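Now for the letters of each chain:
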Amino acid sequence: GVVKFLASGLTVRSTIERSTSCQSWLDVNGELVQILVLQNYLFFGNSYSILSYITSMFDEVEDEQSLDYDLPPLPKFVVLDVTLVTGIDTSSVDVFVDMRDLCARQGCKLFVAGSSQRLRDALALGGFKPETGHRSKRRVRFFSDLDTALGKAEDTLLEDREDGREEEDYDDSELVGETGFQKALRLIDQQHGKDYAMGLAGFEEYTTKIELDPRECIYQSDGGQVEESDRGFFFIETGIVRIERDTTATMSRSSGHPLDVRAHLNDNHQSLNGMNARLGTIAQRAAQWREGTTPTPPTTENRIRLARIGPGWIVGATEGVGSHSPGTQVAVTKCRLHLLPFSTVQETEQTDPALVLRLYKLLAHLTARRQEITVGQLLTLHSIMTSVPKTKPTSRKMSGSVHHSH
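Conventions and cut-offs
- Residues numbered from 1 in each chain as written.
- Predicted model: local features only at pLDDT ≥ 70, side-chain atom pairs only at ≥ 80, totals over all residues.
- Heavy atoms only, no water.
- Helix = DSSP H or I, 4+ residues; strand = E, 2+ residues; numbered from the N terminus.
- Buried < 20%, exposed > 50% of the residue type's maximum accessible area, 1.4 Å probe, protein only.
- Contact = heavy atoms within 4.5 Å.
- Areas by Shrake-Rupley, 256 points an atom, 1.4 Å probe, with all protein chains shown as cover.
- Pairing = 2+ DSSP bridges.
- Axes fitted to C-alpha atoms, helices over the stretch in contact; angles between N-to-C directions.
- Salt bridge = Lys/Arg side-chain N within 4 Å of Asp/Glu carboxyl O.
- Core = buried A, V, L, I, M, F, W, Y, C linked by side-chain atoms within 4.5 Å.
- Lys, Arg positive; Asp, Glu negative; His and termini not counted.
- Arc of directions from axis to C-beta.
- Parallel < 35°, antiparallel > 145°, perpendicular 65-115°, else oblique.
- Nonpolar A, V, L, I, M, F, W, Y, C, P; charged D, E, K, R; others polar.
- pLDDT = per-residue confidence, 0-100.

Novice: Break down the overall build of the chain for me, citing the residues and quoting the values.
Specialist: Helix and strand content of the chain: 12 helices and 12 strands. Per-residue burial over the chain gives 45% buried out of 406 residues. Counting only contacts in the chain whose residues sit at least 6 apart along the sequence, the fraction spanning at least 24 positions is 77%. Surface exposure of the chain reaches about 21400 Å², of which carbon and sulfur atoms provide 51%.

Novice: Can you explain unusual backbone geometry? Please cite residues and give values.
Specialist: When glycine is set aside, most residues are seen to have a negative phi, and most peptide bonds are trans. Within the chain, Asn 40 stands out as a residue other than glycine whose phi angle is a positive 70 degrees. As for its placement among the helices and strands, Asn 40 is situated in strand E2 (residues 33–42). Residue classification places Asn 40 among the partly exposed residues on the basis of a relative accessible area of 41%. If you check the backbone angles, Arg 215 has positive phi at about 70 degrees while not being a glycine. If you trace the backbone, Arg 215 turns up in the loop between strand E6 (208–212) and strand E7 (232–238).

Novice: With reference to specific residues and values, describe the sheet that holds E2.
Specialist: What the five strands build is an open sheet, ordered E1-E2-E3-E4-E5; its pairing is mixed. Edge strands, defined here as strands with exactly one partner in the open sheet, are strand E1 (3–8) and strand E5 (140–143). Direction aside, neighbouring strands of the sheet carry axes that sit 20 degrees apart on average. Bridge analysis of E1 against E2 gives five bridges, and the strand direction is antiparallel. Looking at E2, one finds that Val 3 is bridged to Leu 38. On the sheet, helix H11 (residues 353–386) packs against E1, E2 and strand E3 (77–88) and is oriented at approximately 140 degrees with respect to E1.

Novice: If you had to explain the pattern of salt bridges to someone new, which residues and values would you point to?
Specialist: Two side chains bearing opposite charge may form a pair once their charged atoms approach each other closely. By the definition in use, this model includes 14 salt bridges. A salt bridge links Arg 370 to Glu 17, with the shortest nitrogen-to-oxygen separation between them at 2.3 Å. Note that Arg 370 is positioned in helix H11 and Glu 17 in the loop between E1 and helix H1 (20–29), a separation of 353 residues in sequence. Exposure class is identical for Arg 370 and Glu 17. Each is buried. Between Glu 244 and Arg 242 there is a salt bridge, with the nearest N and O atoms lying 2.7 Å from each other. Given the relative accessible area of 14%, Glu 244 is considered buried. A single network of salt bridges, built from pairs that share partners, joins Arg 18, Glu 154, Asp 155 and Arg 308.

Novice: Describe the sheet that holds strand E12 (residues 335–341), and please don't skip the residues or the numbers.
Specialist: Reading across from one edge, E6-E12-E7-E10 is the order of the four strands in this open sheet, with antiparallel pairing throughout. Looking along the sheet, the strands with just one partner apiece sit at the ends: E6 and strand E10 (314–315). Bridge count for E7 against E10 is two bridges, and the pairing is antiparallel. Paired with Phe 234 across the strands is Val 315, a residue of E10. Packing of helix H10 (residues 342–351) onto the sheet brings it into contact with E7 and E12, and relative to E12 it is tilted by some 40 degrees.

Novice: Summarise the nonpolar core; cite the residues concerned and give the values.
Specialist: Counting residues in each nonpolar core, the largest one holds 38 residues, and the members touching the most others are Phe 233, Phe 234, Phe 235, Leu 337 and Leu 359. For this core, the leading source of residues is H11, giving six residues. Not counting the four nearest positions on each side in its chain, Leu 359 is found in contact with Leu 200, Phe 203, Phe 233, Phe 235, Leu 340 and Val 345. In terms of nonpolar packing, the next biggest core, distinct from the first, is built from 31 residues, Leu 36, Phe 96, Val 112 and Leu 119 among them.

Novice: So, the side chain of Arg 369: which residues are in play, and what are the values?
Specialist: Here Arg 369 shows up in helix H11. Salt bridges are absent for the buried Arg 369, whose nearest opposite-charge side chain, Glu 17, sits at 4.0 Å. With near-sequence residues (within four places) excluded, Arg 369 lies in contact with Glu 17, Gln 23, His 192 and Trp 313.

Novice: How would you summarise H10 if you had to cite specific residues and measurements?
Specialist: Those residues of H10 that fall on the buried side of the exposure criterion are Phe 342, Thr 344, Val 345 and Thr 348. Angularly, the buried residues of H10 cover 150 degrees about the axis, an arc narrow enough to put them on a single face. Summarising the geometry of H10, the exposed residues directed more than 90 degrees from the buried face are Gln 346, Glu 347 and Gln 350. Elements in contact with the buried residues of H10: E7, helix H9 (317–321), E12 and H11.

Novice: Give a description of the packing of H10 against H11 that names residues and reports values.
Specialist: Viewed as axis vectors pointing N to C, H10 and H11 meet at an angle of 130 degrees, and their least axial separation amounts to 6 Å. As the angle between them shows, H10 and H11 are arranged oblique. The segment H10 lies against H11, with Val 345, Thr 348, Glu 349, Gln 350 and Thr 351 engaging Pro 353, Leu 355, Val 356, Leu 359 and Tyr 360. Taken together, the residues of the contact of H10 with H11 break down into six nonpolar, three polar and one charged.

Novice: I'd like a description of the confidence of the model for the chain, backed by residues and values.
Specialist: Overall, the predicted model of the chain reaches an average pLDDT of 81, with 75% of residues at or above 70. Scored below 50 in pLDDT, residues 253–259 shows 26 contacts in the model against residues more than four places distant or in partner chains.

Novice: Tell me about H1, residues and numbers included.
Specialist: Looking at H1, one finds that the buried residues are Cys 22, Trp 25 and Leu 26. Along the axis of H1, the buried positions cluster into a sector of 95 degrees, meaning they face one direction only. The secondary structure elements touched by the buried residues of H1 are helix H5 (146–160).

Pasting the structure below:
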């Protein structure tokens, strides 16, 4: 089948860190986001089955009152992940236009994730394009990957929820006489239900306030303002920080790496014709890699988001307890951070070991939380890649029955 994996926001979440109340709200309302992971070549027949399934999401059930379970809500977002799609014919583009129009009539937004430039060009030729104007008003949007699309859908749902609260509903107002660092510590306690603030106040005299503009990196090596010698922990007082990583910086040589076979495929629709596994560019690059002479590949087009964190979290927690930086830290909004250098923490180990021990206790909690989220993401990817493709759409009534049985 063309549909590799089906899910909703109840079972698949983005990597964005959220407050406990926001997580609880999404636990109840996650079905407002419906996810379809597509695969293979799209032609009219299999594309029409996708349209039929999306249509079933908006089914009106005549005997709804007689059911002993609640039907799934009508979705506000449909996310199509086309990362595994290899191509599309012109008749399928017309079906995508029908999907767009259907969602628009139902007040639902259509997000397309992971599309290649070739696929986007084919869709655009048929009239299926991302809308322009204010982002919050766009009915069709394209995203680089599923995680980013899910994050945006979740953000919008939280902003628009009926109780009128903001996306993150912690109390970020300043208390009388409270400093910025003390506020950052208090928000950590509030976010995680812990009591670390009083025990870490002794670090305040060693901290430096750092303010970032949107899209500004933290470290000078990435074009930011903090020197490498001052690497450390950044306690977030205000703003959102995105942590990115180059996908080639791993033992699994992925897209964009010199050893990636796809980088050497011919232009004739990525054919293997004319290639030799033991001769030519591929063999030459492999030999260079073994000898340690392969140049570092460019990374600007191969970054993925590892996390998006705000008040209640610490940037650099993983690096502080590990051996290397997990990626590049970039401000999403205007940020105010409080820098505690690693070198200062090491010096304080000699003068006040109890203070440092309390810090490491907090870091252990934060890194454990991140590990739980990472494991969840890996399980999601495993489910997607190993799931049996769907052959028949599931009606809205049937979906409700399945959820009721669980």
